[in-house]
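Observations on the model geometry
Spelled out from the first residue to the last, the chains are:
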Amino acid sequence: MLLPRGLNLVYDEWGGEKASGVLLHAKFLDVFTHKAREELQRGQHYANSHEYKAYAEELAEHPELWCTWSEKYINWRQLEILGLMSKGNWA
Amino acid sequence: MNLGVGMLVHTALDRAGQVIRHWSAAGCPVVIHVDRNVDRSTYDAFVQSLADLPDVQFSKRHRCEWGTWGLVAAAQAASEQLLRNFPRVRHVYLASGACLPLRPVEDLQDYLAARPRTDFIESATTADVPWTIGGLDEERFTLCFPFSFRRQRFLFDRFVDFQRRLKLHRKIPEGIVPHMGSQWWCLTRQTLSAILEDPDRPVYDRYFRHVWIPDESYFQTLVRLYSQNVESRSLTLSKFDYQGKPHIFYDDHLQLLRRSDCFVARKIWPRADLLYDTFLTSANPMRGTEPNPGKIDRVFSKAVERRKRGRAGLYMQSRLPREGHENGFTAAPYSVFEGFTELFEDFEPWLARNADTRVHGHLFATDDVQFEGRQRTFAGGLCNNPRLRDHNARMFLTNLIWNTRGEHQCFQFGPRDSQLITGELARDPNAQISVITGAWAIPLFLSNRDFAEIRAEAAALQRIEAEHLAALRAYWSKARVRIWTLAEFVESPIEALQTTLDDMSPQTPRGVTEAPRMVDLAGFAQFLQNLKNQGMHPYMMGDFPSDPGPQHPRGQQRKPYLVR
């Protein structure tokens, strides 16, 4: 099925907000340090796994992404208030 | 059974059936119009499924397409049949298959019994209300619309253009004034029968057949001819979004709908099980109160506002306004200080003590981002990398202000800093900018460097500051700007500082009790004179007295204070 073209226009250019969400990337989970090391051994990633090398190196020094300015996740309304996502037209 | 229901159905027949049972159980006769686009077997099955109900009938079917006469014909057919076959019906309620009664039907019956002569129908003249969105208003009634808006859009548009070009106008039948309103109404038998049995009805029907969206204007117009008591509001709660499409109610609107005290709401999503289960089975405790859609109105108009105007100062994946359409470049007021850290040794800590605010250093320094306390990161995970900042200086500033909503931000700025943000600062009404012009010369004066170097740098800084000031003073500048020359400022520093503090928090004026420590300027006038002697005219400082004043030995100098 051909989807309407409008679906590709994901942001509003005239000041309004369209509905949008947030994805939690697995690279932000605490198991990622372990995962990065494992991937280095497997060596299955493109460009000699250089991305994973960087991850493993950096995470060995700073395994925590938490900082003073981090916020604990509460719910989607919090994400909306923070401006990370928007309800758009949803009431 | 004073109340009869005419129901227009075209989809989600099972839900419609459920609601029909609900009306019927309360003793309301129902006449159902099923869109002729529904195929025969589905229709038969639907009729069969309701066969056990008394006083439920099906009317002659018309083809109903959005915005066409078919919807009026359907409403006419259903109400005629209702009035003819159920003589005890006093009020006819026009509903759709996606309408859901929110309160017990007896409530509605009592309400109508108490208002036996009132017609509830939204009806307003086009000239007076801006309801139509992206459509035609007055022209609905003066042009002719033989083509379908949905299926024959090209012909529709061309034919409208054609009529406009030739200035063609249809004649509105004598005696009627076009009115518009919600297509869901509740009329008395007297009014409705007068409309349907009017000897002139063929004239009106012929006219409205080619009006655009006649279902929103046929009854709304004709009711004005006969009704003795029009209450111009619909008993059916329906909300429209920013595009003029009806909002659909889902399960999460349950509490809102419950508190609205409206009798009927539309459109309900067919799969909103919770809504159907709740309102069709349990009794709503709000008995006898007036419909009160105020709260639901506020919630929905806020949603429209969010969709159309958004939050000022927010830039994110679904809001990236073009320049000039930001509805506010930044989220909150902030203060910019230029030349203060040069003139006062301890300006930043002094400001932090004397105002309720975050005091940053030179956020836009070329080689550094001086967050408060010289932290490496700041609110929202902003980092102190100057190259990242300069990659998009606008967004750096808007992010900082957005991330710190609720507290006032102050930062230092000057000609030594990266100047990318100058235009934005000048354009932003949230920016409160205080400038001491020429203060950049003080560090040079104190630097004790090679004079040729100093002279070159002074010339460069003076040029940059002049450009910056030109932006602040431009006709398009919207920032709140205060500019002192260094000479003016030094003359009465306390008053000037007091003014800047008052600008920051006008609600809670605070007296300056202590002044920041001013750099010792003895010999500064001579320094300026030396620059002049070298052919470089430092004019930004104002008229600094060229003869050195009485020299106080440092340390004995008392802090200046203000007598109020």
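Residues numbered from 1 in each chain as written. Chains lettered and ligands numbered in written order. Predicted model: local features only at pLDDT ≥ 70, side-chain atom pairs only at ≥ 80, totals over all residues.

**Quick look at the overall build of chain A**
Which entries qualify depends on this criterion: Secondary structure follows DSSP: runs of H or I at least 4 residues long count as helices, runs of E at least 2 residues long count as strands, and numbering of each begins at the N terminus. Throughout, the radius of gyration refers to the C-alpha atoms, and the reference size of a globule is 2.2 Å times the residue count to the power 0.38. Contact between two residues is assigned when their C-beta atoms, built from the backbone, lie within 7 Å.
Scanning chain A from terminus to terminus reveals 3 helices and 0 strands. Counting helices and strands in the order they occur from the N terminus, chain A gives α-α-α. The globule rule puts the C-alpha radius of gyration for 91 residues at 12 Å, and the 19 Å found for chain A is more than 25% above it. Once the C-alpha set of chain A is aligned to its principal axes, its extents read approximately 50 × 40 × 20 Å. Summarising the internal contacts of chain A: among those between residues at least 6 apart in sequence, 46% fall at separations of at least 24.

**Some thoughts on the sheet that holds strand 11 (residues 236-237) of chain B**
All names here are of chain B. Test applied: Two strands form a pair only when DSSP identifies at least two bridges running between them.
Here 3 strands make up an open sheet; going across it, the order is 5-12-11 and the pairing mixed. Unpaired on one side and paired on the other, strand 5 (100-101) and strand 11 mark the two borders of the sheet. Here strand 11 runs beside strand 12 (residues 264-265); their pairing, made up of 2 bridges, is parallel. Following the sheet pairing, Leu237 is matched in strand 12 by Ala265.

**Some words on the interface of chain B and chain A**
This is how it is decided: Under the scheme applied, nonpolar residues are Ala, Val, Leu, Ile, Met, Phe, Trp, Tyr, Cys and Pro; charged residues are Asp, Glu, Lys and Arg; polar residues are all the others, including Gly.
The interface is formed by 29 residues belonging to chain B together with 21 residues belonging to chain A. Contributing elements (two or more residues each) for the side of chain B that touches chain A: helix 12 (294-308) and strand 15 (377-378) of chain B. Looking at the side of chain B that touches chain A, its residues break down into 11 nonpolar, 9 polar and 9 charged.

**What about the nonpolar core?**
Residues and elements named next belong to chain B. Heads up, the condition is: We define the nonpolar core as any set of buried residues of the types Ala, Val, Leu, Ile, Met, Phe, Trp, Tyr and Cys, connected via C-beta atoms lying within 7 Å of each other. To sort residues by exposure, count the other C-beta atoms lying within 10 Å of each residue's C-beta; 20 or more gives buried, 12 or fewer gives exposed, and values between give partly exposed, all with C-beta atoms placed from the backbone.
Of all hydrophobic cores here, the largest spans 69 residues; its most connected members are Met7, Val30, Leu100, Val264 and Ala265. Per element, the largest residue contribution to this core is 8 residues, and it comes from helix 3 (residues 69-85). In contact with Ala265, not counting residues within four places along its chain, are Leu100, Leu102, Thr236, Leu237, Phe249 and Leu257.

**Section: helix 7 (residues 189-196) of chain B**
Among the residues making up helix 7 of chain B, those that are buried are Arg189(B), Thr191(B), Leu192(B) and Ile195(B). Residues of helix 7 of chain B that are buried in the fold lie against helix 3, strand 4 (91-96), strand 6 (119-120), strand 9 (186-188) and helix 9 (218-226) of chain B.

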